[in-house]
2 protein chains.
Amino acid sequence: MQPSSQMLKGILEGAILQIIQQGDIYGYALHEKLAALGFGDIPEGTIYPLLLKLQRNKLIIGVRRPTGNGPDRKYYHLTDEGEKTLTIFQQQWHQLVQAMTNLNQGDESS
Amino acid sequence: MQPSSQMLKGILEGAILQIIQQGDIYGYALHEKLAALGFGDIPEGTIYPLLLKLQRNKLIIGVRRPTGNGPDRKYYHLTDEGEKTLTIFQQQWHQLVQAMTNLNQGDESS
DNA sequence: GCGGAATACCTTGTAAAGCAAGATATCTTA
DNA sequence: TAAGATATCTTGCTTTACAAGGTATTCCGC
């Protein structure tokens, strides 16, 4: 399994799928979680459009819920398609790490 | 050191800088080396424009050399700027791997 | 009650990454 | 002399990620 061209770009997409898999979450909290994990301050102008794209592609589903305490939140969960896509992403990520490790070790076998 | 937005996209750029650092190389051989390391079949339509951009940005310098045996090759080596950029990339890559590891371990401490 | 801060979501337009497709040229081998 | 391997480059496209800004809700201090 080789890192696809998508992999080289869309690491954020895979990371977000995985966070959602670990428990339903909404955009604003995702923003904080990414920072807490060490991904840096991913701006909302990146996160929200990406969530909408993932939903358009039927990898996640968003459900708007009132909080009684501030504006509504849109909680997202994975679809079966999303689970499959996440699995493929994880394999590609692993392969990318392997390739980078090979590079660091001046290794060309695998 | 947080993975910059560049990092999320431009992993290929860092990988290529590192390969060049390990020894002068030309585009066509780079293509084969990336495949051998496990980066997949990065097309030439990706590699050559990227090399030209790196040169434009003064991170690498290309020197055309005849082979006496086939078309000329353009061997690239790093500039001082390129060395510095590579060091930063390596730190960012390490941070990204750390963040992904945290994610896998459901960990939010760093 | 009013203003500001925090929370929460979204849109528009832009820059850059990576790729597909194809052009060009050299040398070797059949 | 034709085909194939080697070697580089260009044009135009799609997608990623971001900057900048807009909207709405609730809470807190004054």
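Here's what I pulled together on the structure shown here. This is a predicted model, so every value here is computed, not measured. (Residues numbered from 1 in each chain as written. Chains lettered and ligands numbered in written order. Predicted model: local features only at pLDDT ≥ 70, side-chain atom pairs only at ≥ 80, totals over all residues. Heavy atoms only, no water.)

## With respect to the sheet that holds strand S2 (residues 60-65) of chain A
Residue and element names in this part refer to chain A. Strand order in this open sheet of three strands is S1-S3-S2, and the pairing throughout is antiparallel. Two strands bound the open sheet, and with one partner strand each, they are strand S1 (25-26) and S2. The pairing of S1 with strand S3 (residues 73-78) spans two bridges and is classified as antiparallel. Considered in S3, the bridge of isoleucine 25 is made with tyrosine 76. (Pairing = 2+ DSSP bridges. Helix = DSSP H or I, 4+ residues; strand = E, 2+ residues; numbered from the N terminus.)

## Here's the deal with the sheet that holds strand S3 (residues 73-78) of chain B
All names here are of chain B. Strand order across the open sheet formed by three strands is S1-S3-S2, with antiparallel pairing between neighbours. Only two strands of the sheet have a single partner each, and these edge strands are strand S1 (25-26) and strand S2 (60-65). Direction of pairing for S2 relative to S3: antiparallel, over a ladder of six bridges. Looking across to S3, one finds that glycine 62 is bridged to tyrosine 76. Running over the sheet, helix H2 (residues 11-21) touches S1, S2 and S3 and is turned about 95° from S3. (Contact = heavy atoms within 4.5 Å. Axes fitted to C-alpha atoms, helices over the stretch in contact; angles between N-to-C directions.)

## Considerations on unusual backbone geometry
A negative phi angle characterises most non-glycine residues, just as the trans form characterises most peptide bonds. You will see that A:Lys58, though not glycine, has its phi angle at about 65°, which is positive. Positionally, A:Lys58 belongs in the loop between helix H4 (44-56) and S2.

## Re the pattern of salt bridges
A side chain of one charge can pair with a side chain of the opposite charge when the charged atoms of the two come close. Here the structure, examined in full by the defined rule, presents six salt bridges over all chains. In this structure, A:Glu13 and A:Lys53 form a salt bridge, with 2.7 Å as the shortest nitrogen-oxygen distance. Placement of A:Glu13 in helix H2 (residues 11-21) and of A:Lys53 in helix H4 is noted, with a sequence separation of 40 residues between them. With a relative accessible area of 26%, A:Lys53 lands in the partly exposed category. Linking B:Asp72 and B:Arg64 is a salt bridge whose minimum nitrogen-to-oxygen distance equals 3.6 Å. (Salt bridge = Lys/Arg side-chain N within 4 Å of Asp/Glu carboxyl O. Buried < 20%, exposed > 50% of the residue type's maximum accessible area, 1.4 Å probe, protein only.)

## What about the packing of aromatic side chains?
Counting across every chain of the model gives three aromatic pairs over all chains. Centre to centre, the rings of B:Tyr26 and B:Tyr75 are 5.1 Å apart; their planes meet at 65°, and the pair counts as edge-to-face. On the criterion of sequence distance, the pair formed by B:Tyr26 in strand S1 and B:Tyr75 in strand S3 is long-range, its members being 49 residues apart. An identical accessibility class is assigned to B:Tyr26 and B:Tyr75; each is buried. The ring of A:Tyr75 is capped by A:Arg65, whose NZ or CZ atom sits 4.3 Å from the centre of that ring. (Phe/Tyr/Trp six-rings, centres within 6.5 Å; stacked < 30°, edge-to-face > 60°. Lys NZ or Arg CZ within 6 Å of the ring centre and 35° of its normal.)

## Digging into the packing of H2(B) against helix H5 (residues 80-104) of chain B
Residues and elements named next belong to chain B. Taken N-terminus to C-terminus, the directions of H2 and H5 make an angle of 125°; their axes are 9 Å apart at the nearest point. Put simply, H2 runs oblique to H5. As for the relative orientation of H2 and H5, their crossing is left-handed in sense. Between H2 and H5, the contacting residues are Ile11, Gly14, Ala15, Leu17, Gln18 and Gln21 on the first element and Gly82, Glu83, Thr85, Leu86, Phe89, Gln90, Trp93 and Leu96 on the second. For the contact of H2 with H5, the residue count by class is seven nonpolar, six polar and one charged. (Parallel < 35°, antiparallel > 145°, perpendicular 65-115°, else oblique. Left-handed = near helix turned anticlockwise from the far one by under 90°. Nonpolar A, V, L, I, M, F, W, Y, C, P; charged D, E, K, R; others polar.)

## Some remarks on H2(B)
Residue and element names in this part refer to chain B. Counted residue by residue, H2 has ten buried out of eleven residues, so it is predominantly covered. Along H2, the residues that are buried comprise Ile11, Leu12, Glu13, Gly14, Ala15, Ile16, Leu17, Gln18, Ile19 and Ile20. Trailing H2 by a residue or two, glycine 23 shows a phi angle of about 155°, which is positive.

## As for the side chain of A:Gln18
With respect to the element layout, A:Gln18 can be found in helix H2. Relative accessible area serves as the criterion here: at 4%, A:Gln18 is assigned to the buried category. Not counting the four nearest positions on each side in its chain, A:Gln18 is found in contact with A:Leu86, A:Gln90, B:Leu103 and B:Asn104.

## Comments concerning the packing of helix H3 (residues 27-37) of chain A against H4(A)
All names here are of chain A. Two elements in contact, H3 and H4, have axes whose closest approach is 10 Å; the angle formed by their N-to-C orientations is 125°. Taken as axis vectors, H3 and H4 run oblique relative to one another. Seen along the crossing, H3 lies across H4 with a hand that is right-handed. Contact with H3, carried on its side by Gly27, Tyr28, Leu30, His31 and Leu34, involves Glu44, Ile47, Tyr48 and Leu51 of H4 and no other residues of that element. Broken down by class, the residue content of the contact of H3 with H4 amounts to six nonpolar, two polar and one charged.

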